[in-house]
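# Notes for the structure review
Below are the chains, spelled out letter by letter.
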Amino acid sequence: MTDHAPTGDLPIGRGLLGRCPRCGEGHLFHGFLDLRPSCEKCGLDYGFADAGDGPAVFVILIGGFIVVFAALATEFAYQPPYWVHAVLWLPLALILTLGPLRPIKGLLIALQYHHKAREGRLERRGEN
Ligand SMILES: [Zn+2]
């Protein structure tokens, strides 16, 4: 690891930008959430990357908390008609779930690469 993009020095920055966790220059995604098979710059195989349901869980918990809190606060403060809630919170829920999904997936994959996290494997006795 020698040269880096300005914001790509940390795995966190690389992941949030959707860049390769090793070189910080290649792209991680093609399409909205589909991973490339490997980095087009350094050739890192993305086969290790499996964020699973992690991004969706973070997005649902954080976005859900924000939307429900805002809706409850608005209801208690102003008691607006129900259509106001629909107009306010449905678009906000979409923005808060679709917006951070890709950066969070990139972040989790970058952290997975950085910490060399992988699936647990059973060790056989007598072999090392
Ligand atoms: Zn790369």
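Heads up: these notes are all about the structure in this document.

With 14 residues, helix α4 (residues 101-114) extends 20 Å from end C-alpha to end C-alpha; this agrees with the ideal 20 Å at 1.5 Å per step. Within α4, the full set of buried residues consists of I104, K105, G106, L107, I109, A110, Q112 and Y113. Here the buried face of α4 lies against α1 (11-16) and α2 (54-78). Immediately downstream of α4, the backbone of K116 shows phi near 55°, a positive value.

The next subject is the nonpolar core. In terms of nonpolar packing, the biggest core is built from ten residues, these being C20, C23, L28, C39, A51, I104, L107, I109, A110 and Y113. Residues within four places of I109 in sequence aside, it is in contact with G15, P21, L28, A49 and A51.

At their nearest, the axes of α2 and α4 sit 9 Å apart, and the two run at 130° to each other. Regarding the angle of α2 to α4, the classification is oblique. Read as a crossing pair, α2 and α4 show a hand that is right-handed. Counted together, G54, P55, F58 and V59 of α2 and L101, I104, K105 and L108 of α4 form the full contact between these two elements. In the contact of α2 with α4, the residues fall into six nonpolar, one polar and one charged.

What counts, and where the lines are drawn
- Residues numbered from 1 in each chain as written.
- Predicted model: local features only at pLDDT ≥ 70, side-chain atom pairs only at ≥ 80, totals over all residues.
- Helix = DSSP H or I, 4+ residues; strand = E, 2+ residues; numbered from the N terminus.
- Expected span 1.5 Å × (residues − 1).
- Buried ≥ 20, exposed ≤ 12 C-beta atoms within 10 Å, placed from the backbone.
- Contact = placed C-beta atoms within 7 Å.
- Core = buried A, V, L, I, M, F, W, Y, C linked by C-beta atoms within 7 Å.
- Axes fitted to C-alpha atoms, helices over the stretch in contact; angles between N-to-C directions.
- Parallel < 35°, antiparallel > 145°, perpendicular 65-115°, else oblique.
- Left-handed = near helix turned anticlockwise from the far one by under 90°.
- Nonpolar A, V, L, I, M, F, W, Y, C, P; charged D, E, K, R; others polar.

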